[in-house]
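# Structural overview for review
This is what each chain is made of:
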Amino acid sequence: MECMTENGGYAAGCRENRRDRATMQSVIPDAIEVDDIAKQFGEVRALDGVSFGVARGTVLGLLGPNGAGKTTAVRILTTTMRPDRGRASVLGLDVDHDAQRVRESIGLAGQYAAVDESLTGSENLWMMGRLTHLSQSASRSRSKELLVRFGLDDAGDRQVKTYSGGMRRRLDLAAALVHRPSVLFLDEPTTGLDPRSRRGLWDVIGELVADGTTLLLTTQYLEEADRLADRIVVIDQGQVIAEGTSAQLKARIGTTIIEAVFADPASAEGARTLLAPLGELTDADDGRALSLQVNTGPRSIMDAVGALERAAIEPLTLAVREPTLDDVFLRLTGQRVE
Amino acid sequence: MVPARARVRRLTLGWTVRDSLTVTKRNLLTLTRNPELVVFATIQPVLFVLMFRYVFGGAIQVPGEDYVNFLMPGIWAQAVVFGAVSTAVGLAEDLQSGLIERFRSLPMAPSAVLVGRTNADLVRDVFVIALMCVVGFLVGFRNQTDALAFLAALLLMLAFGYSMAWVFAVFGLRAPNAETAQAAAFPVMAVLVFASSAFVPTETMPGWLQVFADHQPVTAVVDAVRALVLGGPTASYVVTAVAWIVGIVVVFGTLAVVRYRRVT
Ligand SMILES: Nc1ncnc2c1ncn2[C@@H]1O[C@H](COP(=O)(O)OP(=O)(O)OP(=O)(O)O)[C@@H](O)[C@H]1O
Ligand SMILES: [Mg+2]
């Protein structure tokens, strides 16, 4: 496996490096350890030798396009599916041999809200409390507490089938928290939410993490990974293709992006021919726009602007920006997310 | 925060029972929120009562007995077997909705999901059987023995319904969705109910069919229930019926639990 070092270069076996750093700080083992797990469905290799670790109290963003294997990884770590090979542990407990004890300390909110439509919100949370072996009274009070916390107290006595998508999502997350798990797995927690509900959920997740919960989060939203995750593992076709902090991943691309829009397709075409030797042209969906990835540093920007100047091609707009995770993703997987 | 230690407990029988009761309660709540499920479970048997009592009944000869008295044990059996299909549908729905995936990530007893489901279906059967008794009395059914034998007959029928719920639980766990579960269960239950002594004496069937009909659980249970409500020797009928019921629960209970542990 390859991954990133602090300065943005490659390092083989960086997991060991990271481990060394962790060991220097303390001897606390990772909350989640995944070692070379694989899972195959017929011909499909959903996971093909994946390894990563999540330090206690940190957030790992598992990022990948559709079918990358994110949900399969979450299923294996939450003991609902067994890997074909490899080992994984949560809080030092093997997910296969010690599944029952792993379940005591984890919370799961799967990709699709898994709540009982016919029950009310409060009955759903009561049921989760009982099934995680809280007492009757603890289940009831915890249910009430979570309904308030997730802004569902008014809807607590309504059947879930009357809830909106956002309310259902919040209830689903609340259901994962009933027994105060110390390790939480959220599989695309904000997919399908409007921006406001998404930010609301981010705040709640932020509070959980501040309380010391270890979180593994899968997402297709780079903004979400950028904002919530301490470290990001990018997977594609069942393999880890990059790992590091958001800043490290962005630095890995090592480029700056110049974006320009022209008055007409002809001048855009002229500019494209002119700029092609200076960097990598991408993203020409609209005939009048171009996007050029150049080496980081003022020299390449000056070269590009100078070339346009000499040819007397003046863009309508011209912008220079740093790469986003989206660019990283495009570069790594050859496809866009969102 | 609740210290994690305090919650780390082994899955004892006590926890298994408690978890099963929680799931039972959940399924019963679901049932009361969707009363149409109970209504649908009774419409079909009621239609069959009317059809066989008033349409075909005149043409069906049963030796030494009023046809309506012969018919009602068959109707009860039909009601509990058809009702058990909802076990398959309910489990398939829980699988599809992801609820079972969530259950599997919880420290609960794995068997509780199935036990809680079949328990709730047993409670529903109590309602259905009670209603079908009322319908029976309205169309002229009369118990020919004493109250105790009648009660034993109904309990036997409920036990049979419970065993059928386990059979269809296996269907529900194997089906990719609720519609398939229902479609797969239908032919099985139709063959069990119609190729049996539920509506006509098996002697009227062609030889090969009679062989099957005489050696399948619906006939065994219906014959035992008839013996209990119509009179005559009961012991060997009841023993055969109970053996079928116990055998079905053991075999299909095991199959269902094994299957539940494996579904992903
Ligand atoms: N139970 C299953 N049976 C067969 N194939 C499966 C099963 N689960 C997953 N797969 C396949 O494995 C691959 C990885 O699936 P997975 O659900 O882990 O992807 P994902 O990263 O979660 O994708 P998405 O973003 O769409 O949720 C896919 O090709 C999927 O079709
Ligand atoms: Mg997924």
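Going by the structure above, here's the rest.
Since we're looking at a predicted model, the values are computed, not measured. Each chain carries its own residue numbering, running from 1 in the written order of its sequence. Chains and ligands are labelled by the order in which they are written, letters from A for the one and numbers from 1 for the other. The predicted nature of this model means local features are confined to residues of pLDDT at least 70 and side-chain atom pairs, given and counted, to a pLDDT of 80 or more, with totals for whole chains, interfaces and linings taken over all residues. The side-chain numbers reported here are obtained from all heavy atoms of the structure, hydrogens and water having been left aside.

All names here are of chain A. Donor criterion used throughout: N, O or S atom within 2.8 Å of the metal, extended to 3.2 Å for Na, K and Ca. Water excluded; incomplete-looking sites may result. The coordination sphere of the magnesium ion (ligand 2) contains the protein donors T71 (OG1) and Q111 (OE1), at a distance range of 1.9 to 2.1 Å. Of this pair, T71 sits in helix α2 (residues 70-77) while Q111 sits in the loop between β8 (106-109) and α4 (121-131), placing them 40 residues apart in sequence. Three labels apply to residues, based on accessible area from a 1.4 Å probe with only protein chains included: buried if under 20% of the type maximum, exposed if over 50%, partly exposed otherwise in between. Taking relative accessible area as the criterion, Q111 reaches 21% and is therefore assigned partly exposed. A run of H or I in DSSP becomes a helix once it reaches four residues, and a run of E becomes a strand once it reaches two; helices and strands are each numbered from the N terminus.

All names here are of chain A. Close to ligand 1 lie 14 residues; G67, K70, T71, T72 and Q111 are nearest. Definition of a polar contact: a pair of N or O atoms within 3.5 Å, with one able to donate and the other able to accept a hydrogen when the atoms are protein atoms, and with sequence-neighbouring residues admitted only if both atoms are side-chain atoms. The side chain of K70 places a nitrogen or oxygen atom 2.8 Å from an oxygen atom of ligand 1. Here an oxygen atom of ligand 1 and a side-chain polar atom of E188 are 3.1 Å apart. For the accessible areas, the method is Shrake-Rupley and the probe is 1.4 Å, while residue cover comes only from the protein chains on display. In isolation ligand 1 exposes 630 Å². Once the protein is present, 67% of that is buried. We define proximity as follows: a residue is near a molecule or strand when any one of its heavy atoms falls within 4 Å of that partner.

Another aspect to go through is the interface of chain B and chain A. The criterion used for residue contact is that any of the two residues' heavy atoms lie within 4.5 Å. Between chain B and chain A, the residue contacts involve 30 residues of the former and 35 residues of the latter. In this description, buried area is defined as the sum, over both parts, of the accessible area (probe of 1.4 Å) that is lost when the two are combined. In total, about 3300 Å² of surface goes out of reach between chain B and chain A, with carbon and sulfur atoms giving 55% of it. Between Lys or Arg on one side and Asp or Glu on the other, a salt bridge is scored when a side-chain nitrogen of the former is within 4 Å of a carboxyl oxygen of the latter. Taken together, chain B and chain A are joined by 4 salt bridges. With a closest N to O distance of 3.0 Å, R75 of chain A and E101 of chain B form a salt bridge. Taken together, chain B and chain A are joined by 15 residue pairs in polar contact (both at pLDDT 80 or more). At 10 residues, helix α2 (residues 13-33) of chain B tops the list of elements feeding residues into the side of chain B that touches chain A. Polar here means any residue other than Ala, Val, Leu, Ile, Met, Phe, Trp, Tyr, Cys and Pro, which are nonpolar, and Asp, Glu, Lys and Arg, which are charged; Gly is therefore polar. Looking at the side of chain B that touches chain A residue by residue, the classes come out as 12 nonpolar, 7 polar and 11 charged.

Here, nonpolar core means buried Ala, Val, Leu, Ile, Met, Phe, Trp, Tyr and Cys residues that are tied together by side-chain atoms lying within 4.5 Å of each other. With 65 residues, the main nonpolar core has L125, F150, L171, L173 and L186 of chain A together with F103 and M108 of chain B as its most contacted residues. For this core, the element with the most residues is helix α6 (residues 165-177) of chain A, which contributes 7 residues. Ignoring any residue separated from it by four or fewer positions in sequence, one finds F150 of chain A in contact with R170, L173, A174, L177 and V204 of chain A.

Shape descriptors only; they carry no functional weight alone.
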